[in-house]
Amino acid sequence: MNNTEYADYLGESEKSKGYMYNEIVWPNEEEKEQFRNIMESLEVFYQPGSALEETVLDVGIRVLHRELTPEEGAAEVSKKMAIEMAE
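Report follows, based on the coordinates. Sequence positions are assigned chain by chain, starting from 1 and proceeding in written order. In view of the model being predicted, local features appear only for residues whose pLDDT reaches at least 70, and side-chain atom pairs are presented and counted only at 80 or more, with totals across whole chains, interfaces and linings using the full set of residues. Only heavy atoms go into the side-chain values, all of them from the structure, while hydrogens and water stay out.

## Comments concerning the overall build of the chain
On a plain count of helices and strands, the chain comes out with 4 helices and 0 strands. Sequence-ordered secondary structure for the chain, helices as α and strands as β, is α-α-α-α. Here the analysis covers contacts within the chain between residues at least 6 apart in sequence; of these, 32% occur between residues at least 24 apart. For the accessible areas, the method is Shrake-Rupley and the probe is 1.4 Å, while residue cover comes only from the protein chains on display. In the structure as shown, the chain presents an accessible area of about 7,700 Å², 57% of it carried by carbon and sulfur atoms. Counting from the N terminus, the helices are the DSSP runs of H or I reaching at least four residues and the strands are the DSSP runs of E reaching at least two. Contacts were defined at the residue level, with two residues in contact if any of their heavy atoms lie within 4.5 Å.

## Structural notes on the environment of T55
By the element assignment, T55 lies in helix α3 (residues 51-64). Summary of the burial criterion: residues with accessible area below 20% of their type's maximum are buried, those above 50% are exposed, and those between are partly exposed, where the area comes from a 1.4 Å probe applied to protein chains only. Given a relative accessible area of 13%, T55 falls into the buried group. Sequence separation between T55 and V77 is 22 residues, and the spatial gap between their C-alpha atoms is 6.3 Å. Setting aside chain neighbours within four positions, we find T55 in contact with V77, K80 and M81.

## Let's talk about helix α2 (residues 29-41)
How far a helix is expected to stretch is found by multiplying one less than its residue total by 1.5 Å. Relative to the 18 Å expected for 13 residues at 1.5 Å per residue, α2 spans 18 Å between its end C-alpha atoms, a close match to the ideal helical length. Pairs of N or O atoms within 3.5 Å make up the polar contacts considered here, provided that, within protein, one atom can donate a hydrogen while the other can accept it, and that residues adjacent in sequence are counted only when both atoms are side-chain atoms. A side-chain oxygen of the first residue of α2 lies 3.0 Å from the backbone nitrogen of E30; this N-cap is N28.

What follows is the structure, given as structure tokens:
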């Protein structure tokens, strides 16, 4: 699904009519268990202000504003982090 299709799915096309909707779907038990397993397997704690966090936030905003596709955003994060790790 591309960005335009996804925006239509979320109801952005209804924006011109003065309203917008967003469907919220709660995880089922299997998805909750999978999330718990992922969280329990982590070996590194959250580090606020890390280079990764700052990069993801900066690039993520550009993706949300449709300046980049999600794929382009992921590639840019990877590229910036490779540079950061090399320094």
